[in-house]
Structure formats: structure tokens, C-alpha cells
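# A look at the structure
Spelled out, the chains give:
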Amino acid sequence: MSIRHTCVLFFLLVSGGAFPQTPLHASETVASLSVSLTDDESAWIKSHPVIRVSNEPGYAPFDFTEKGKPAGLSIDYLNMVARRAGLRLEYVQDTWGNLLEMGKQKKIDLLHTMFYAPEREAYFLFTEPYKSLINGIYVREGVTGVRSIDDLANKRVILTKGDTIGELLTRLVPDAEYVFVDTYDAIVKAIALGQGDATVMDTAVANYLIRKFTLTNILPAGEAKFATGQRDPRYYIAVRKDWPMLHAILQKSMNTITRDDMARLEFRWFGLSSPPENVGIRLTEKERAFLDTHPRIRVHNEKDWSPFNYHEYGSPRGLSIDYMNLVANRLGVLVTYVTGPSWDEFLGMIKGKELDVMLNIVKTDDRAAYIRFTEPYARAPNVIVSADSHPYESMAELEGRVVAFPKGFFYEEVLTSSFPQIRRLPLPDTLACLKAVSLGKADAVLSEGVVINSLIHRNMLTGLRITGEARMGHPDFANLRLGIREDWPLLHSAVMKAMADISPQEMRRIREKWLQSHKAAELPEPSVSVVYKPLVAYGAGAFALMALVAWGWGRRVKKESAPVQFGSPVFRGLLLAGLSVFVITVGFIGWVTLEDNKKQHLQGVERDLKGVLSIFEDRLDLWLSEKVSFLRQMGRDPMLAAMTRALFVESSGKDDLLAADVLSDELRDMRSYFEAQKTSFHHIDFFIINSNHTVIGAMRDADIGTRHLISRQGPELLERALRGEVFFVPPMAPAPRPGLSGLPYTPETSLAMFFVGPIRDMDGRILAVMALRVTPWNEFEEATRLLDELKTGETYAFDREGRMLSPSRFEDQLRSIGLLEQDRGSALNIEIRDPGVNLTKGERPHQDRLRQPLVQMVIRAVQLRTEMKLAGSLQGHSETEVDISGYRDYRGVPVLGAWLWNMDLDFGLVAEVDVEEAMSTYHQSRLMIAGVLGGTLIFALSAVLLVLLLGERSCKALICARDSLEEEVAELKTEANDLLKQAGLSEKYHTE
């Protein structure tokens, strides 16, 4: 970065962010907006109904005219002072030199952008200063060698008439050539046109004029530094010398101006969208004194609880460590991390006051006796970890089983009181628990999901996985907090203020650093879903059976009759019977194998849908926590507090609120403020609500003076906010607004969701409640895109009326089948109803859309909500239900799905995939198995038929050969007998 740009940035920041050096009072309340005056002071005001005040034409952004009316920071400041004192002002416009002379001559009564000079005390009474400034040196581009006021020698310097800086410079740098003009506009124009080399003026004024006239050839050269006592760089209000009563009245009113008020003016005129950094955390005197006497605090550091809190390479590491360092930096204290003891030993240390702070601790009743808990800063859902071979999915399944957990963790307290049937095995740490399951010493482990994933990965543990959610009755058990020793309430309150000051952006950076991004699990591939073991086993058994039958038949048949038996009808019958048995056996084997594959595949689909749904909920929880954190921080913005305080008037009537001149600028500023916040916190409306539940500030005039929707439908919610809570208000049906009727299902008219929180002053007192109406559909879209790798998978949110709250991924398809109008999005405009037919195939439903029943998934999710309310569970989420038998979605397409109800958001979440795609890998494996078995049968049948055919032919040939041989033998025997008879040997031969 160049010196030129550095100087520009420096002057822009300094000129817009400087605060008065004298302390501003921070004790203002709504009632103190009017100054308490004495009888003499009130009588004086009555006898002086109009006060004449200076107004320059071009001293922006402090004192200038805009469209013929006074404007600027100092004008607004003086108006605020006058309103509280009950003064009426009349502005007199002229150049500064003329106004100064008029003040000396008592033609005007006060000047408000006055620098103190001893010679001016002869004419004026000075109040306390109200604004600090920095004087800068500005030069024309090309003028070099100017870094300080001494370098102005031999330069042509343009100054305004009557300014004390002119009198001072002419004494300090007499060698410069000075030209005095009437206005500050004339100064910058003269330098830009080459009529001068340099000037010295307030940086805020110079920067404003440079931007106003787009003067690119005027550059900041350095700060105009003067010796102590030469020039007081602060603005005072100067009152004519003979009116000490007015001076006293003004000073009283100025004493009611707070830092919040000044911050609001800075925002209006310098464009600051957040409190200046030098405001810092507003600690009480007692809190600051406590930190001064305790500059170093002792914080626990575990050996191996990544990614939150662990020790590696000789230093503490993890999300909780980084978070604690942010808190410590804001408080200005040092941290000593204590490493080595076990968790249970750490608890004993903080109980014995040997430790000051514990990180990532869960709040329980037992611990509350010796620990002060902060608000949560992270969330880590509790899970069940077990072996792949023996998975446990719920707490109920763990009854009678041995469950390991780190000794001292809150699990021991919960299991003892709520799950006495579970056999407990406390161990030194989480890693030891995982090893216990691997070695068979425990059946399962209770721990936090992200910790388990980290430990399994870092220690390369196999055969273990997260198999279920540990639902132990209270969703707060998933929240991680800071725990402060019980006897240090001042540290607790200071830490809470520091936590509120940590921005969502800082939290996001920490989360991104330490928490691995989740990826949606893919549905099983064919190679995974096909189970070959049963197929091989059943095939081997069938082969062995057939071989045994063949062996037994072979033993039964005599060798000499085998050829004949081989071709006999009996043999053919036996062979055909055996072949039938073989076909039936192979068919049975194929059916069993396919059913086993289908079961395994559906279990994989169920597991993946649950996993995707869990990630979906985690993303929404993160979205929720970031919004709450941002709103909590916004509620402590001193500018917002000042604008809110200014909205309080004596009457709470709508006409008074809109008609009061005092409020016009405040409402304009507040609307600009919330408009500027949309880049960080997207919302479509804001409402400032007082303790009477009346809207005193809003984007639309029509809302002001009315009772807010939340008050009408849930007044207890506003009371929670007035007690200091920041939270999300679930969907509400708003009342119709003028000009918006007849437009159903739009973000403006059909559903209202709010984030609600208190607005606090810098002392922490609650002034009012702000409610930001949100339409989170676009933000939900990012969280719902978990199944984009699949063609038909989607996740979405829905309310208890069955209305879709997040965008559908099938919007084009919905428009083509007539469920969605061309110019509308699916969020809020699609009701999740079962048409009874598949609309994507052109089938026509038998009922109108409004008469169609809700999808069974929605009905079950709403029932889960009812069950949670009856059980008193108003936080967290329900159990996850899954349907892997298939049901129709809002398009009529058969799908498989998993769903739950989130009570924090008060709407349902679902993950679905079309049955056709979900079962595609199974169908492929089914075709493959059927092909293999079918080919085997065809080959076997062909072989058997060939053997039968060849055997029959061979048998016939053998029989013919035998018959021919027998005939030949008979003929030979006959011939032999004849020969013997002829030789007379026949009788002897026969006798022998």
C-alpha cells in the first residue's frame, strides 16, 4: 500500500471515529431525555423564546446548508441538546468570519463549531468540548516535500477567514504565502485549480469536500501537529458572554448526551456501520477493578479432546482454546492453561478454587452448585459409538450393557438418575473408552460426535463407528459453555460481555478452522450392496447334495447293468426329479440371496438418509446460532441504542409518533441502519417494540404505533426478549397488510418468522426489543443441497400445515405439471399433499389439490411434534423416523424418506430420494444375480438333456450290439454242435 493511500485511510478513520476526550455520561434513561431545570432557568427560557445560532454554508459534514436548511453533525448535536433543554433555535446563515463577528457583537447568541482560544474568552462563554478532531495538511498533486507545518514555508497556503488556525500558522510559519477566502469550498477549489499549494483543515471536512467535488488531485500529506497549548483540536459551544444562564442550561443538556448518542451521529455523518473499536466492551467499575487485581486467569486444557480442547506440540489447541483467547483479548487479561489432570480432577480443582475457568462444559444441576455457566458458544450432539459387529442405535438398546464414558462427564450424572439399568464404566478419557469397546471391555461409548470422528481418525481406530444418537432427555446437554468458579461473579459478568462482543464472522472462522466440513453420504454402490456369501454357501450346499445323490445311485446299480439302467425310464425319471430339485434349490438360493441383498441395501439407504438429515439439521443449527450471535451483538450497538432512545416520546400514539418532528431524522437513520445490516443479516422488515408491546420504529409507517404480531400471537415471547433472551420465533401467520391483500403465499403475506432480541445501552440496560423478520428460503437453499449428487434426492423444511418452507429442487418439473406458477418459487407455495398418482407421468389426480391428504411423512412429523410438547420437550428435535417401504411425495412419485421435527425452529425436516434411484443399485445386482443363476440353470438343463440324449443313443447301440452278439453266439453254438455231431463227439462232449 502506498503512503498516499495509507494517509487517506488514516484520515478517513480518524476523522470519523474520534470521540470526545471528556467522559460522556452513560446513565441516561427514557425519563432523562428532558433536562431538569431550576425555576430561574425555566423562567429564562420563557423570556428568551428564540436562540439565534450560527450556520455556515459549506463546513460539511459538521455545519452546512442542504436544500436551504441547516445540516451536519454539529447541527444535529445542537438540535439534540436544544430539544432536551426545551430551547427553540433559529439558524443564521453566513460565512464563518462574518458569523464570528456577529457573535462578538451579540447579533447571534451562540456558535457551535468553535475552537477555544484565550482571546475569545473576552466575548464568549465556552461549554465543555463535545467533539475531537485532527488537523491535516493537504497539498495539490505534484507538490512534494510537505510532511509537517514547517514544510509549508515558501508554499502558497489557502485558509478561511476568521479561523484560529490562520492566526496560528502566520505566527509559526511566517515564510509561507497565505491567501484567505470566505468558505472551505473555495479553499479546495483554489488548490485543485492550481491557485494554491496547500491548506490545513479538519480532516473530516477536507475528506468530505474532496469526495463531494471528486477532486482527485488533492492529497493528504500528513498531520498538522501543534505544540501543547498552541491549538485545542476540539469543538465547543460558545455562548455570548452576557448570557451565563444559557451557558448553564446548555451544559446541563450536554451532560445527558451519551456515547450511544454520539455513535449514532457518527453513523449518520461518517457512514460507520458498527461501533468504533475504541469504544470497547463497557465494563462496570467493579468489573474493571476485579480484572485489574486478577490480570491472569487459570483455564483448563485437556490432553486429548480434539477438535475442541487438546494439547499438541507443547501448546493448547482447539476450538475452545481459540474462543477463550478471543474472550481474554477483549478483557485484556492473560491466560494460564493448566494441562495434565483428568476431567474429573479438573472439576475438583474448580470446586476447590484451584482453577478459574473450565472450557466446553455442559450445564447440570449438580455442577451449578459450584460453577457459574455462560451462554453456549458451541454445540456438540451426543452420540452412541459401538462396534460394527454389534451396533446399538438407542439408549433403550443399551439397557443391561456396559457403557463407557470419561469419568466426571455429565453422562455419569444422567445415567445414574435416568438410566439406572445401564451398566456404567467410567474411564480416564474418551480415547480410553474407545479402546475399551475395541478390546471387548465395553459394549458402547457415549461421547460427542465431532470428538469421536476426530479421535477415530487421529488414532486410526477400526471397527468402531457412530451407530446412534444419545437422546438423554434434555437438548441442552449438547451445548458447550464456559464455566466460571462460583465465587467470581464479576469475572462471569465480564466474560459474558466479551462473549457478546464476538462477531459471527469470528465464530465462523473458528468453526471453519476446527470443524471438518460434513459431506453427504452417497447411497450404496452395487459392489457394496451385493452379498455373495449366502450365494456361495447355498450353491456349495446344493452341489454337495447333488453329488451325494449321484454317488448313492452309482453304488446301487450293478456294473454289468449300468449301461442298461443309464438309459432306462427309471433312470430318466430319477434324473428329471433330481433336476427339478436342483432348479428349485437354485431358485431358492437366488431368492434368499436377493432378499438378503435387498435388506442390506435398504439398511444402507436408511443409514444414509439419517446421516444426510443429521447434517441438514446441523447446518440449520449453525445458521440459527450465527443469526442469534449476530443479533445479540447488534443489540449492543451503541448507535442502535441511541436511535432507539430517541424514539421514546411522551405519547405512544401512532399519530404522535409519526407527527413528532423529533422523530423524522431518527426513523430515517434507523431505517438506513437496518438497510445497511442486510449484507450481514438478511431480513425484509425490522420492528422496534417498547415494553408495552407497541411498535415505535419500523420500515413502514403503517406499522408504527400498532401492537406487534408477536404480541398478538405470543406475548410471552416478547417478555422473554425483554428479560434478555435472543431467539428465533417460529413461523406465524401474519395479519394482512394494506396493499398486500390478494397475494397469497408470498414472503410478504403468508408466513412470518422473526429473530428477536433486546436492545441494550452501554451499561447493559434493556431499552426495547427488536424483531427482524426473515425469509430464510435462500439461506436454506445452501443447507438443503446435500443430495445434489443424486438426480432425485432432496432435503427440505416444512411447517405443521404441510407447507414447504425451503426451495424444492424440482421447481421446473413442478411448473411443467401445474403445481407451481411460472413466476413463483416453491418455498411457501407448495403444500406437501399426496395426489394419489404420479403426476410426473402425466397421470390425473382424482381430487382437487386442497382436498388431497397430506403426505404420511408430514402427518407423522406433526405427531412427533405433539408427542414432544406433551412430554414437555420444547427444545431440540424429535427422534428420526424412516420409511424404506416407500410412500408418495408431493409430486406423487414413490420415495424413501427420513424425517424429524425440530422444536427450536418449530418445523419439520426431511430427506428423500426416489425409490427408482434409491433401489437402482439393488436392481442392478438383482439382474446380475438373476443372470448368473439363470445362466447356470440353462447350462445345467442343456448338459442334462445332452447327457440323456447321448445316453439313450448309447444304450440303444449297446442293446443292438448285445442282441447281435447273442445271435452270433447262438449261431456259432449251433454250428459247433453240428460239427460235433458229425464227428461223433457230441454225446461225449455233452457228457464231459
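It should be noted that the structure appears before, not after, this text.
Values in this document were obtained by computation on a predicted structure and should not be read as measured data.

## Digging into the pairing of strand β24 (residues 402–406)
Of all 5 residues making up β24, 5 are buried, and the element is well covered by its neighbours. Burial along β24 is two-sided: Val402, Ala404 and Pro406 facing one way and Val403 and Phe405 facing the other are all buried. Bridge count for β24 against strand β25 (residues 423–427) is 5 bridges, and the pairing is parallel. Considered in β25, the bridge of Val402 is made with Arg423. Of the crossover connections in this fold, the one passing from β24 over helix α13 (residues 410–418) to the parallel β25 is right-handed. Across 2 bridges, β24 lies against strand β26 (residues 444–448) in parallel orientation. Note that in β26 the partner of Ala404 across the bridge is Val445.

## Comments concerning the packing of aromatic side chains
Here the structure, examined in full by the defined rule, presents 33 aromatic pairs. A centroid spacing of 6.1 Å and a plane angle of 35 degrees characterise the contact between Tyr59 and Phe62, whose relative ring orientation is tilted. Judged by its relative accessible area of 2%, Tyr59 falls in the buried class. On the basis of relative accessible area, Phe62 is assigned to the buried category, the value being 0%. Measuring from ring centre to ring centre gives 5.2 Å for Tyr116 and Phe126, while their planes differ by 75 degrees; the resulting arrangement is edge-to-face. Within this pair, whereas Tyr116 is found in the loop between β6 (110–114) and β7 (124–126), its partner Phe126 is found in strand β7, the two being separated by 10 residues in sequence. Residue classification places Tyr116 among the partly exposed positions, given a relative accessible area of 28%.

## A short note on the pattern of salt bridges
Counted by the stated rule, this structure contains 35 salt bridges. We note a salt bridge from Lys513 to Asp322, for which the minimum N-O separation is 3.0 Å. Here Lys513, found in helix α17 (residues 504–514), pairs with Asp322, found in helix α11 (residues 319–331); they are 191 residues apart in sequence, far enough to count as distant. We classify Lys513 as exposed; its relative accessible area is 54%. For Asp322, a relative accessible area of 19% corresponds to the buried category.

## Considerations on the nonpolar core
Among the nonpolar cores identified, the biggest contains 88 residues, and Met324 and Met395 are the most heavily contacted of them. With 8 residues, the single largest contributor to this core is α11. Setting aside anything within four residues of it in sequence, one finds Met395 in contact with Ile384, Leu415, Phe419, Ile422, Leu446, Ala470, Arg471 and Met472. Residues Phe267, Ile696, Phe727 and Leu909 belong to the second largest nonpolar core, which totals 80 residues.

## What to know about the sheet that holds strand β16 (residues 304–305)
Across the sheet, which stays open at both edges, the 3 strands sit in the order β16-β17-β18 with antiparallel pairing between neighbours. One side of each edge strand has no neighbouring strand; the edge strands of this open sheet are β16 and β18 (315–317). Pairing between strand β17 (residues 309–312) and β18: 3 bridges, direction antiparallel. Of the residues in β18, the one forming a bridge with Tyr310 is Arg317.

## Quick look at the side chain of Asp185
Positionally, Asp185 belongs in helix α6 (residues 184–192). You can call Asp185 buried: its relative accessible area is 16%. Among all residues touching Asp185, those that are not within four sequence positions of it are Gly58, Leu209, Lys212 and Phe213.

## A closer look at the sheet that holds strand β36 (residues 894–902)
Taken in spatial order, the 4 strands line up as β34-β37-β36-β35 in an open sheet, and their pairing is antiparallel. Edge positions in the sheet fall to β34 (794–798) and β35 (881–888), since each of these pairs with one other strand and no more. In this sheet, neighbouring strand axes are inclined to one another by 30 degrees on average, regardless of whether the strands run parallel or antiparallel. As defined by bridge partners, β35 adjoins β36 across 5 bridges and the pair is classed as antiparallel. Across the sheet, the residue bridging to Arg888 is Pro894, located in β36.

Rules used throughout
Residues numbered from 1 in each chain as written. Predicted model: local features only at pLDDT ≥ 70, side-chain atom pairs only at ≥ 80, totals over all residues. Heavy atoms only, no water. Buried < 20%, exposed > 50% of the residue type's maximum accessible area, 1.4 Å probe, protein only. Helix = DSSP H or I, 4+ residues; strand = E, 2+ residues; numbered from the N terminus. Pairing = 2+ DSSP bridges. Right-handed = clockwise from strand over helix to strand, strands pointing away. Phe/Tyr/Trp six-rings, centres within 6.5 Å; stacked < 30°, edge-to-face > 60°. Salt bridge = Lys/Arg side-chain N within 4 Å of Asp/Glu carboxyl O. Core = buried A, V, L, I, M, F, W, Y, C linked by side-chain atoms within 4.5 Å. Contact = heavy atoms within 4.5 Å. Axes fitted to C-alpha atoms, helices over the stretch in contact; angles between N-to-C directions.

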